[in-house]
Amino acid sequence: MRLKVLGAYGASDAEHNLTGYLLDDWFAVDAGTLTSKLSFAQQARIQAVFITHSHADHIRDLPHLIHNRFSQATGPLTIFAAKEVMELLVANVFNGLVWPDFSTLISPLTNKPAVQYRPLGPGKKIAFNGVSLTPVAVNHQIPASGVIIEMNGQAITFTGDTGPTDEIWKRTNKTANVVAVVTEASFPNDQQSLADETAHLSPQTFGDELRKISVDAPVYASHRKIPFERDIESQIKNLRDRRARVLLEKNYTL
Ligand SMILES: [Zn+2]
Ligand SMILES: [Zn+2]
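Asks: If you had to explain the coordination of the zinc ion (ligand 2) to someone new, which residues and values would you point to?
Replies: Around the zinc ion (ligand 2), the protein supplies His-53 (NE2), His-55 (ND1), His-140 (NE2) and Asp-161 (OD) as donor atoms, at distances of 2.1 to 2.3 Å. Geometry at the zinc ion (ligand 2) is irregular, judged from the four donor atoms that bind it and their angles of 90 to 164° at the metal. Along the chain, the residues donating to the zinc ion (ligand 2) fall in the pattern H-x1-H-x84-H-x20-D. A distance of 3.5 Å spans the gap from the zinc ion (ligand 2) to the zinc ion (ligand 1), which Asp-161 bridges by coordinating each metal. Taken together, the residues span a long stretch of sequence, with His-53 in the loop between β4 (48–50) and α2 (56–59) and Asp-161 in the loop between β10 (154–158) and α5 (167–173) at a distance of 108 residues. For the pair shown, His-53 and Asp-161 are each scored as buried.

Asks: Let's hear about the coordination of the zinc ion (ligand 1): which residues, and what values?
Replies: Taken together, the protein ligands of the zinc ion (ligand 1) are Asp-57 (OD), His-58 (NE2), Asp-161 (OD) and His-223 (NE2), with distances of 2.1 to 2.2 Å. The coordination sphere of the zinc ion (ligand 1) comprises four donor atoms, whose angles at the metal cover 87 to 169°; the geometry is irregular. We note that the donor set of the zinc ion (ligand 1) lies within a single chain, spaced as D-H-x102-D-x61-H.

Asks: So, the sheet that holds strand β8 (residues 131–137): which residues are in play, and what are the values?
Replies: Judged by pairing direction, the sheet is mixed, and its seven strands sit side by side in the order β7-β8-β9-β10-β11-β12-β13 without closing on themselves. At either end of the open sheet lies a strand with only one pairing partner, and these are β7 (126–128) and β13 (244–246). The sheet shows a mean angle of 25° between the axes of neighbouring strands, taken without regard to direction. Bridge count between strand β9 (residues 145–151) and β10: five bridges; the pairing is antiparallel. Bridge pairing in β10 places Ile-149 opposite Ile-156.

Asks: Could you give an account of helix α4 (residues 83–92), with specific residues and numbers?
Replies: All of the buried residues along α4 are Val-85, Met-86 and Leu-89. Each buried residue of α4 sits inside an arc of 100° when the element is viewed along its axis, so together they form one side. Packing partners of the buried residues in α4 comprise α2, β5 (77–82) and β6 (115–120).

Asks: Which residues make up the sheet that holds β4, and what values go with them?
Replies: Across the sheet, seven strands lie side by side as β6-β5-β4-β3-β2-β1-β14; this open sheet has mixed pairing. Bordering the open sheet on either side are β6 and β14 (251–253), each of which pairs with just one other strand. Strand after strand, the sheet turns through a mean of 20° between neighbouring axes, direction not considered. Across three bridges, β4 lies against β5 in parallel orientation. Along β5, the bridge assignment pairs Phe-50 with Phe-80. Packing of helix α3 (residues 62–69) onto the sheet brings it into contact with β3 (27–31), β4, β5 and β6, and relative to β5 it is tilted by some 150°.

Asks: Give me the lowdown on the packing of aromatic side chains, citing residues and values where you can.
Replies: Tallied over the entire structure, the rule returns nine aromatic pairs. Put simply, the rings of Trp-26, Phe-27, Phe-80 and Phe-128 pair up and form one aromatic cluster. The ring centre of Tyr-252 lies 4.8 Å from the NZ or CZ of Lys-250, which sits over that ring.

Asks: Run through the side chain of Thr-19, naming residues and quoting values.
Replies: Of note, Thr-19 is situated in the loop between β1 (2–7) and β2 (20–23). Residues in contact with Thr-19, not counting those within four places in the same chain, are Gly-7, Tyr-9, Asp-30, Ala-31, Gly-32, Thr-33, Asp-57, His-58 and His-223.

Asks: Lay out the pattern of salt bridges with the relevant residues and their values.
Replies: One pass over the structure, following the stated rule, counts twelve salt bridges. Here Lys-83 ties to Glu-87 by a salt bridge, and the two come within 3.0 Å at their closest N and O atoms. You can see Lys-83 and its partner Glu-87 sitting in helix α4, four residues apart, about one turn around the helix. When the shortest N-O distance is used, the salt bridge between Glu-209 and Lys-212 registers 2.9 Å. Given the relative accessible area of 2%, Glu-209 is considered buried. A relative accessible area of 30% means that Lys-212 is categorised as partly exposed. If you follow the salt bridges from partner to partner, you end up with Arg-2, Asp-24 and Asp-25 in one network.

About the criteria used
Residues numbered from 1 in each chain as written. Chains lettered and ligands numbered in written order. Predicted model: local features only at pLDDT ≥ 70, side-chain atom pairs only at ≥ 80, totals over all residues. Heavy atoms only, no water. Donors = N, O, S within 2.8 Å, 3.2 Å for Na, K, Ca; no water. Tetrahedral: all angles 85-135°; square planar, octahedral: opposite > 155°, others 65-115°. Helix = DSSP H or I, 4+ residues; strand = E, 2+ residues; numbered from the N terminus. Buried < 20%, exposed > 50% of the residue type's maximum accessible area, 1.4 Å probe, protein only. Pairing = 2+ DSSP bridges. Axes fitted to C-alpha atoms, helices over the stretch in contact; angles between N-to-C directions. Arc of directions from axis to C-beta. Contact = heavy atoms within 4.5 Å. Phe/Tyr/Trp six-rings, centres within 6.5 Å; stacked < 30°, edge-to-face > 60°. Lys NZ or Arg CZ within 6 Å of the ring centre and 35° of its normal. Salt bridge = Lys/Arg side-chain N within 4 Å of Asp/Glu carboxyl O.

Shown next, in the form of structure tokens:
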């Protein structure tokens, strides 16, 4: 599968982008960076987005992706999220105040709503256009869920933001042909207490998580905070595990 990393940081400036990933050009995970880095035509090819949690850095471009879909002659955009995450999005973002609820508006180009919400039960695998999705709750400050995606005989795990966690590793270890794991390392080791308080990982706790993962695939640290990106990179290298890497904003073929 092809993984296009549109944003691999936990903050943004002119050269660093918020979390946003695209698999095979049509399935997105998180929406911090989608519209801002994709053409209108590329956006129209996105059929679904899985949202890990409702923090602003993971949903910044979602209202604009939905708005653009309203003026594209293509089918509805399906938004997947764990049930609790979806409830927060609908109550706090797509509430008619911050942004319209486009699931109730009929697009003049397709005579269908521009978007459909698909809340998912924790741990329950579902199928969508030949792809399997298994949402698994992780440990963040608010309801948050990673996802295991099985596509074309390969699997990839995205945790989204998380502190130390277990269930998603157990499920990943039982999944066939895992080709990559994308998790996080937000803060450098000397800010471990801040990482713990905010339910994020540092390279040190990333290393602890790595020991829970038995699959032989690269494990990427995303969501670095900009001022510490070099420190985090060297601390990840110092773990001396050949699977451990930082995630870069580029295209990967897995
Ligand atoms: Zn985040
Ligand atoms: Zn977060």
